[in-house]
Amino acid sequence: QVQLVESGGGLVQAGGSLRLSCAASGRTFSKYVMAWFRQAPGKDREFTAAIGWTGGITNYPDFVKGRFTISRDNAKNTVYLQMNSLKPEDTAVYYCAADPTPSRWSVPNEYDYWGQGTQVTVSS
C-alpha cells in the first residue's frame, strides 16, 4: 500500500512557475514508477509526466516538453513536478500516481495508487 499526498498547487499568472510535490508513505517508494496526471473540468485525465524507479528515465507528452520537469528524491519519498512558462490551458487538478510496474506509463488505468489532487489555476 502506498498513500500519496500532493501539495504546491495554487493560483499563478501566465508565464509563471509552480512546483508540485507528492509525498509517499511506505518504505518501498524507490520501487514505484511515479507519474503526474491532470484533469480539467469536463475533460479526461491527461498524462503529464512520469519517472522511473531511479529517476534516470522520464517521459513527457509533447505539450509539456521544455516547460515541465519531473524529478524524485527517494530518500525523502517525494516526487516533484516543476512547471515553468505556465499557460491558462494548464489549469487543472493535478494528481500524483504510483505503480510498481505500469506497462504503459501514460495510461491512467496502469496506476494502482493515486493522491487526492491539487488545484493549479493559471490566469491570463
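Everything below is about the structure printed above this text.
Note that this is a predicted model, so its numbers are computed, not measured.

Novice: Looking at this structure, how should I read the pairing of strand β11 (residues 118-123)?
Specialist: Regular strands show a simple pattern: their side chains alternate between the two faces of the sheet. Going residue by residue along β11, you find Thr118, Val120 and Val122 tucked away on one face and Gln119, Thr121 and Ser123 left uncovered on the opposite face. The pairing of strand β2 (residues 10-13) with β11 spans four bridges and is parallel. Its bridge partner being in β11, leucine 11 is matched across the sheet by threonine 121. Across three bridges, the pairing between strand β9 (residues 92-99) and β11 is antiparallel. Bridging across to β11, tyrosine 94 finds its partner in threonine 118.

Novice: Would you explain the side chain of aspartate 90 in this entry?
Specialist: Note that aspartate 90 resides in the loop between β8 (78-83) and β9. Residue classification places aspartate 90 among the buried residues on the basis of a relative accessible area of 1%. Beyond its immediate chain neighbours, meaning those up to four positions away, aspartate 90 contacts Arg38, Arg67, Phe68, Ser85, Val120 and Val122.

Rules used throughout
- Residues numbered from 1 in each chain as written.
- Predicted model: local features only at pLDDT ≥ 70, side-chain atom pairs only at ≥ 80, totals over all residues.
- Heavy atoms only, no water.
- Buried < 20%, exposed > 50% of the residue type's maximum accessible area, 1.4 Å probe, protein only.
- Helix = DSSP H or I, 4+ residues; strand = E, 2+ residues; numbered from the N terminus.
- Pairing = 2+ DSSP bridges.
- Contact = heavy atoms within 4.5 Å.

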